[in-house]
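Observations on the model geometry
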Amino acid sequence: MLQTLNYKTMKILCLAGLVTSVLALGGCVSRDQADAKLVLACQKGVEYLLDDYSMIKSIKQTNFSNIANKMDGDRRVVMDVVVDENYLEIDKTFSCNFFENRGLMGMNYSANLAQIDMGDGDVYGRKDDQILGGMNKWLNITKEVEAYLD
């Protein structure tokens, strides 16, 4: 009877562990999925800063890198895009820095925008412990991209 009880208990514990593992792995966010969120958030932040008669027509290429200076973020997204500026297509490069947070085994991924570089010397957000571009404008930008980082 004691051996049967131990066998049943072990079977239940093993099954519970398997179910927990499957549920945990199902909630993981891969690097590709996280990068896709970062690109979309960067695009929305850049579009917010573009002139009224400008819009991103297409994204030609994206590059990702980790940031050495952790004060300015964890992950950088560089986008080579085609911008429609009043019906004139222009190639431009924009970049965004993000702070990333990951839970155990990649669960509970979240990110926050740290900085947007518009490529023409205009930088908005956190840079060397300062907020560039003005606090009110930065708050509006972060509100714009928040929904895309959830």
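Anyway, here's the lowdown on the structure attached to this text. (Residues numbered from 1 in each chain as written. Predicted model: local features only at pLDDT ≥ 70, side-chain atom pairs only at ≥ 80, totals over all residues. Heavy atoms only, no water.)

In total, this model carries one disulfide according to the counting rule given. Sulfur-sulfur distance for the disulfide between cysteine 42 and cysteine 96 comes to 2.0 Å. The disulfide joining cysteine 42 to cysteine 96 has a torsion of about 80 degrees about its S-S bond and is therefore right-handed. One end of the pair, cysteine 42, is in helix α2 (residues 31-49); the other, cysteine 96, is in strand β3 (residues 88-101), with 54 residues separating them in the sequence. Cysteine 42 gets classed as buried once you look at its relative accessible area, which sits at 0%. (Disulfide = S-S within 2.5 Å. Helix = DSSP H or I, 4+ residues; strand = E, 2+ residues; numbered from the N terminus. Buried < 20%, exposed > 50% of the residue type's maximum accessible area, 1.4 Å probe, protein only.)

Attention now goes to α2. Its 19 residues place the ends of α2 27 Å apart at the C-alpha level, agreeing with the 27 Å of an ideal helix rising 1.5 Å per residue. Taken residue by residue, α2 has Ala34, Asp35, Leu38, Val39, Ala41, Cys42, Gln43, Gly45, Val46 and Leu49 as its buried positions. At its buried positions, α2 is contacted by β1 (54-66), β2 (75-85), β3, β4 (110-117), β5 (123-127) and α3 (135-146). (Expected span 1.5 Å × (residues − 1). Contact = heavy atoms within 4.5 Å.)

Next up on the list: the environment of alanine 34. Summarising the element assignment, alanine 34 is placed in helix α2. C-alpha separation for the pair alanine 34 and leucine 149, spaced 115 residues apart in sequence, amounts to 8.8 Å. Alanine 34 has contacts with Val29, Glu100, Arg102 and Tyr109, leaving out every residue within four places of it along the chain.

Turning next to the sheet that holds β3. Taken in spatial order, the six strands of this open sheet run β1-β2-β3-β4-β5-β6, and their pairing is antiparallel. Pairing within the sheet leaves two strands with one partner each, and these edge strands are β1 and β6 (130-132). On average, adjacent strands in this sheet sit at an angle of 30 degrees to one another, irrespective of strand direction. Sheet topology note: the β2/β3 ladder contains eleven bridges and is antiparallel. In the sheet register, valine 81 faces β3, and the bridge partner there is lysine 92. Running over the sheet, α2 touches β1, β2, β3, β4 and β5 and is turned about 125 degrees from β3. (Pairing = 2+ DSSP bridges. Axes fitted to C-alpha atoms, helices over the stretch in contact; angles between N-to-C directions.)

Everything listed is a geometric property; what it means functionally is a separate question.
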